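Residues per chain are reported as follows:
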Amino acid sequence: MNDGELISRTISFVKDTLQGAEGGHDWFHIERVFKTAKKIAHEEAVDSLIVQLAALLHDIADPKFHNGDEEIGPKTARAFLQSEKVDEKIILHVVNIIRHMSFKNSLDSKSNSFTSKELHVVQDADRLDAIGAIGIARTFNYGGFKNRELYNPEIPPNLNMSKQEYKKSNAPTINHFYEKLLLLKDRMNTKTGKKMAEERHQFMLIFLDRFYKEWNP
């Protein structure tokens, strides 16, 4: 099987698996991350196949929708790639990217034991989809999915959360901007990712300014 066939089969697997998924973590999220990762990879010296596979499989089983199980995603990805007879070295790299790319893992120093240029590319692509206009839409979509308040002036953002506190948080959706989204611009890894993040970051600041003006007319 050539690389193109493997990517096509992976796309079909992901589409089938994510049917009915929450709107911020569905196939269209994967597709956006996939396209952005390819764009960034074009400017970086990386293994394109690993980047594409990791981008496609990175949210195949997000822990948020599986009782916080952080291993179900890597296990699902590994099982699929093994079924496609992918080389073990490639599988291990892809699985390590999936296991280490989440923002919440940056809150735990023990979770940062793996790194690679391919991880940096896919991580930037995923983080770019969490900010800007799409990021705002995804954030409120998930907040609605979890029945969270839009905003509560009496509940300030927690800027010093541990990984476990982050995973258990039920704070209002606006708090998520300060606890994660506005931090991502300065956590981009690649030159292309940093450049793309600037405009999206500014758009979020404009949105928040408008939100508060309308909250307190």
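For the structure given in this document, a descriptive report is provided here. Model, not experiment: these values are computed from the prediction. Residues take numbers from 1 onward in each chain, read along the sequence in its written order. Only residues with pLDDT of at least 70 get local features here, since the model is predicted, and only at 80 or more are side-chain atom pairs given and counted; chain-wide, interface and lining totals rely on the full set of residues. Note that water and hydrogens are dropped before the side-chain values are worked out from all heavy atoms of the structure.

**Topic: the nonpolar core**
Definition in use: Put simply, buried Ala, Val, Leu, Ile, Met, Phe, Trp, Tyr and Cys residues joined by side-chain atoms within 4.5 Å make one nonpolar core. Note on exposure labels: buried denotes an accessible area under 20% of the residue type's maximum, exposed denotes more than 50%, and partly exposed covers the range between, all computed with a 1.4 Å probe on protein chains only. In DSSP terms, a helix is any run of H or I states spanning at least four residues, a strand is any run of E spanning at least two, and both are numbered starting from the N terminus. Contact criterion: two residues are considered in contact whenever any of their non-hydrogen atoms come within 4.5 Å of each other.
Of all hydrophobic cores here, the largest spans 55 residues; its most connected members are Val14, Leu57, Leu81, Val94, Ile97, Ile131 and Phe177. Among the elements of the structure, helix H1 (3-17), helix H2 (27-41), helix H3 (48-57), helix H4 (72-83), helix H5 (88-100), helix H6 (117-128), helix H9 (173-179) and helix H10 (191-215) are those that each provide at least two residues to this core. Leave out the neighbours within four places in its chain, and Phe177 touches Ile136, Thr139, Phe140, Leu182, Met204, Phe207 and Leu208.

**Focus: the packing of aromatic side chains**
Here is the rule: Pairing of aromatic rings covers Phe, Tyr and the six-membered ring of Trp, with a centre-to-centre limit of 6.5 Å; geometry is then stacked below 30 degrees between planes, edge-to-face above 60, and tilted otherwise.
Within this structure, the stated rule accounts for 11 aromatic pairs. Measuring from ring centre to ring centre gives 4.3 Å for Phe13 and Phe80, while their planes differ by 10 degrees; the resulting arrangement is stacked. Residue Phe13 is found in helix H1, and its partner Phe80 is found in helix H4; the two are separated by 67 residues along the sequence. When the ring of Phe211 is compared with that of Tyr212, the centres are 5.9 Å apart and the planes differ by 85 degrees; the resulting orientation is edge-to-face. Residue Tyr212 is classed as partly exposed on the basis of its relative accessible area, which comes to 25%.

**Focus on H6**
In plain terms, the rule: The span you would expect from a helix comes to 1.5 Å times its residue count less one.
Look at H6: 17 Å from first C-alpha to last across 12 residues, which is about the 16 Å you get at 1.5 Å a residue. A large share of H6 lies buried, amounting to 10 of its 12 residues. For H6, the set of buried residues is Glu118, Leu119, Val121, Val122, Gln123, Asp124, Ala125, Asp126, Arg127 and Leu128.

In short, geometric facts, not functional conclusions.
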